[in-house]
Amino acid sequence: MSTPRADSAKVVNMMTDVITDEGEILAADDEVEIEVAADTGAGAHCAHPRHLPGGTEVSSDKLRNFNGAGGEPLKHYGRAVVRMQQEDGQHISQEVQVMEVTRPLHSISMVCDNNFDVVFTKTEGLVIPAGLLDEVLAVVRKKAQVRATYKRKGGLYVAKMRVKNPAKAAPFAGRGTNR
């Protein structure tokens, strides 16, 4: 593992630092195609060494303790600054923690910490500038259209709910139980 290049310090640790200039595009033998999962439970953007192109510099100057979803410790190699090209051609830069993970993850809490909002629909997840949906959400809340709210607590989005025995609970008003 080597130390990061001097120019890597100017790259911000966010998922969508969109790069608008053409810039340097990696040669075919210097890139890897990956499928990244957006994860509301991930504490950091992360990738396994096999998810990085050959020659990617990994800095081990600040090793951290990470745990998997089941609580087991994950081997951590360090961090790397990467540049990714999305399917629509846009480029993003980010710092990833390089560790023993099954798949690359984008931390939704880190994305939101960097002045973006994330919206999930039935078919896709979108990263948009923070505040863009504020007016729409105000109308939706006013009309009592919000079905559930998950408040951010640390890096997770959680809600306190009571679990009831369905045989004794009243059915959901107007919605039925089959969805």
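See the structure above.
None of these values were measured; they are calculated from a predicted model.

Asker: Quick question: what am I supposed to make of the overall build of the protein chain here?
Answerer: Each helix and strand counted, the protein chain has two helices and twelve strands in total. Sequence-ordered secondary structure for the protein chain, helices as α and strands as β, is β-β-β-β-β-β-β-β-α-β-β-α-β-β. In the protein chain, buried positions account for 26% of the 179 residues. Pairs at least 24 apart in sequence give 58% of the contacts found in the protein chain among residues at least 6 apart.

Asker: Just checking my understanding: could you explain the pairing of strand E10 (residues 125-129) for this structure?
Answerer: Regular strands have side chains that alternate between both faces of the sheet. Where strand E9 (residues 116-120) and E10 come together, five bridges link them in antiparallel fashion. Across the sheet, Asp117 pairs through a bridge with Ile128, a residue of E10. Connecting E9 to the antiparallel partner E10 that follows it, the hairpin turn spans four residues.

Asker: Can you walk me through the environment of Arg103 in this structure?
Answerer: Positionally, Arg103 belongs in the loop between strand E7 (91-99) and strand E8 (105-107). On a C-alpha basis, the gap between Arg103 and Ala37 in space is 7.4 Å, while along the polypeptide they are 66 residues apart. Ignoring any residue separated from it by four or fewer positions in sequence, one finds Arg103 in contact with Glu35, Ala37 and His51. At 3.1 Å, the side chain of Arg103 forms a polar contact with the side chain of Glu35.

Asker: Explain the pattern of salt bridges to me, please; I cannot follow it from the model alone.
Answerer: A pair can form between side chains of opposite charge whenever their charged atoms are brought close. Applying the stated rule across the entire model yields three salt bridges. The partner of Arg79 in a salt bridge is Glu95, and the shortest N-O contact between them spans 3.3 Å. Separated by 16 residues along the polypeptide, Arg79 in strand E6 (residues 76-85) and Glu95 in strand E7 bring together distant segments of the chain. Arg152 serves as the salt-bridge partner of Asp113, at 2.8 Å between the closest nitrogen and oxygen. Separated by 39 residues along the polypeptide, Asp113 in helix H1 (residues 108-113) and Arg152 in strand E11 (residues 151-153) bring together distant segments of the chain.

Asker: Where do I start with the pairing of E7 in this structure?
Answerer: In terms of burial, E7 is largely enclosed, as nine of its nine residues are buried. Neither face of E7 is open: one carries His91, Ser93, Glu95, Gln97 and Met99, the other Ile92, Gln94, Val96 and Val98, and all of them are buried. Where strand E3 (residues 46-47) lies against E7, two bridges are found, and the strand directions are parallel. Paired with Ala47 across the two strands is Val98, which belongs to E7. Taken together, the nine bridges between E6 and E7 define a ladder with antiparallel strand orientation. Each bridged residue has a counterpart across the sheet, and for Val82 the counterpart in E7 is Gln94. Adjacent in sequence and paired antiparallel, E6 and E7 are bridged by five residues, among which Gly89 carries a positive phi angle near 95°.

How each quantity is defined
Counting starts from 1 at the beginning of each chain's written sequence and moves along it residue by residue. Two thresholds apply to this predicted model, a pLDDT of at least 70 for residue-level local features and 80 or more for giving and counting side-chain atom pairs, whereas whole-chain, interface and lining totals are computed over all residues. Excluding hydrogens and water, the side-chain figures rest on all heavy atoms present in the structure. Numbering of helices and strands runs from the N terminus, with a helix taken as a DSSP run of H or I at least four residues long and a strand as a DSSP run of E at least two residues long. For the exposure calls, accessible area comes from a 1.4 Å probe over protein chains only, and a residue counts as buried if that area is under 20% of its type's maximum, exposed if over 50%, partly exposed in between. Contacts: residue pairs with any heavy atoms within 4.5 Å of one another. Strands are treated as partners if at least two bridges between them are detected by DSSP. Counted as a polar contact is a pair of N or O atoms within 3.5 Å, where, for protein atoms, one must be capable of donating a hydrogen and the other of accepting one, and residues adjacent in sequence contribute only when both atoms are in side chains. The term salt bridge refers to a side-chain nitrogen of Lys or Arg lying within 4 Å of a carboxyl oxygen of Asp or Glu.

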